[in-house]
Amino acid sequence: MTSAAVPDHPWLLPGALTDAASGARPRRTTRDWLVDTHMFLLALGWAVAVAWDAAQPEPALAGPLPHEWLQGLDNVLGPLACAALWLRRRWPVGLAVATLPLGLFSATAGVALLIIMFTVVVHRPFPQAALVIGANVLTCFSYAAVRPERGFGFWGEVAWAIVFLGSVLAWGMFVRARRQLVLSLRERADRAEAEQQLRVAQARHLERTRIAREMHDVLAHRISLLSLHAGALEFRPDAPPEQVARAAGVIRESAHAALADLRDVIGVLRADEPAPVPAGPDAPPGPAVERPQPTLADVPALVGESRAAGMRVEVDDAVDDPGAVPAGLGRTAYRIVQEALTNARKHAAGATVTVRLAGAAGTGLTVDVRNRWPVGGHPQSGRPVGAGERAAIPGAGTGLIGVAERVSLAGGRLTHGRDETGDFRLTAWLPWPA
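Residues numbered from 1 in each chain as written. Predicted model: local features only at pLDDT ≥ 70, side-chain atom pairs only at ≥ 80, totals over all residues. Heavy atoms only, no water.

Here we take up the sheet that holds strand 4 (residues 413-418). Pairing within the open sheet is mixed, and its five strands lie in the order 1-2-3-5-4. Of all the strands in the sheet, the pair left with one neighbour each is strand 1 (313-319) and strand 4. Neighbour-to-neighbour, the strand axes of the sheet open up by a mean angle of 10°, direction not taken into account. Lying on the sheet, helix 9 (residues 299-308) is in contact with strand 1 and strand 2 (353-360); it crosses strand 1 at an angle near 170°. Against the sheet, helix 11 (residues 399-409) touches strand 4 and strand 5 (424-430), its axis set at about 150° to strand 4. (Pairing = 2+ DSSP bridges. Helix = DSSP H or I, 4+ residues; strand = E, 2+ residues; numbered from the N terminus. Axes fitted to C-alpha atoms, helices over the stretch in contact; angles between N-to-C directions. Contact = heavy atoms within 4.5 Å.)

As structure tokens, this is what we get:
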């Protein structure tokens, strides 16, 4: 059991409930020891009382046996059946079969036999319990014939025996049903807890995947700009000091922007809902205001950053009512353009990139980015491709995979590769509800 399911007083529960979850053989709890001791003393007390009563001239507890030696055998076997009660939890059916002949004539073992049958009904399935009870019903006819009691008659004595056995069967079935209900509720609780832990683990995995995807999209864009500016300094070591200082300033600003983007991405993805902050001069400082996530309206700024780094980017914006684009849809389109420009910087340096946005509510949003096929390499090969490029910008090789995942989650379609003109083209269609 889990720590949340441990009862306050486990010693008050039967061993069948405390050890059921582990699958091991139940061990006696304090309650079981108390019950077994009580049952043993009760059965033994009845056996002693019947043996003493049988020695009287007119027995009152049970009818007399026809032979004295049979009564002596009854006085010996009755206490032995009482002692066997200590084994009833481990071998209930075997003990019931072994003591079945006592039901033919023994009065001293009467209580012990009822306790054994009750144990079978509680701890074994109904077919086994029904067979044991049925066999004991058959012994009632022999008992009534061997030990007739005054005032009852044969059939009256048989009827009373059947009533007792039926009561044992009903009581045992009720106890068994209650225990099975408790076990089923515990199993459902354990299963619900396990499923909850699985859902938490899945949510944690999805959150980590989202963080990794956002970090890749944002940092790959910023770091590719850094690499482009640093490559310019490396290519022109004799540049005037003013140009070197200006390039170094751009590198510093890009590095700061990369750190800010990293902080914002992690903050947006992992922060909880901010609690309302009371107003007033003495109010505690509230949580830091996080920068909004990019949308379609931020694409011009993204293109401007790339142009400032020396890229040649052409934009064709044919979107009807850009302000009506949903935030989630615009963010996906922004990330697609960002990843396409980053790949172009990495694998097709110097090539002109054309970005086309088109669509309307009800027809969908199309993002199309294309550039000339690089000389000497594939856009995803990672090899040096440009004549003037010293070394290719390293990449993780998962950019297009991340874009495909974003488009799939949005319910859209993605195609990429060389088109009929020989250009590298990345086209995504995203659903835009009416």
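From this point, the discussion proceeds with the structure in view.
Below, the discussion takes up the packing of helix 2 (residues 30-54) against helix 5 (residues 110-123). Put simply, helix 2 and helix 5 touch, their axes get as near as 7 Å, and they point 145° apart. Counting all contacts with helix 2, which are made through Met39, Leu42, Ala43 and Trp46, the residues of helix 5 involved are Gly110, Val111, Ala112 and Ile115. For the contact of helix 2 with helix 5, a count of residues per class yields seven nonpolar, one polar and no charged. (Nonpolar A, V, L, I, M, F, W, Y, C, P; charged D, E, K, R; others polar.)

What follows covers the packing of helix 10 (residues 327-347) against helix 11. For the pair helix 10 and helix 11, interaxial distance at closest approach is 10 Å and the crossing angle is 165°. Taken together, helix 10 and helix 11 sit at an angle that is classed as roughly antiparallel. You can see that helix 10 and helix 11 cross each other, and the crossing is left-handed. In contact with Thr332, Arg335, Ile336, Glu339 and Asn343 of helix 10, helix 11 contributes Gly399, Leu400, Val403, Arg406 and Val407. Here the residues of the contact of helix 10 with helix 11 are counted per class, giving four nonpolar, three polar and three charged. (Parallel < 35°, antiparallel > 145°, perpendicular 65-115°, else oblique. Left-handed = near helix turned anticlockwise from the far one by under 90°.)

This part is about the nonpolar core. Among the nonpolar cores identified, the biggest contains 33 residues, and Ala43 and Met117 are the most heavily contacted of them. Elements that contribute at least two residues to this core include exactly helix 2, helix 3 (68-83), helix 4 (92-98), helix 5, helix 6 (126-146) and helix 7 (153-235). Per element, the largest residue contribution to this core is 10 residues, and it comes from helix 5. Apart from residues lying up to four places away in sequence, Ala43 is in contact with Cys82, Leu85, Thr108, Val111, Ala112 and Ile115. Among the nonpolar cores identified, the runner-up in size contains 30 residues, and Val313, Leu341, Ala428 and Leu430 belong to it. (Core = buried A, V, L, I, M, F, W, Y, C linked by side-chain atoms within 4.5 Å. Buried < 20%, exposed > 50% of the residue type's maximum accessible area, 1.4 Å probe, protein only.)

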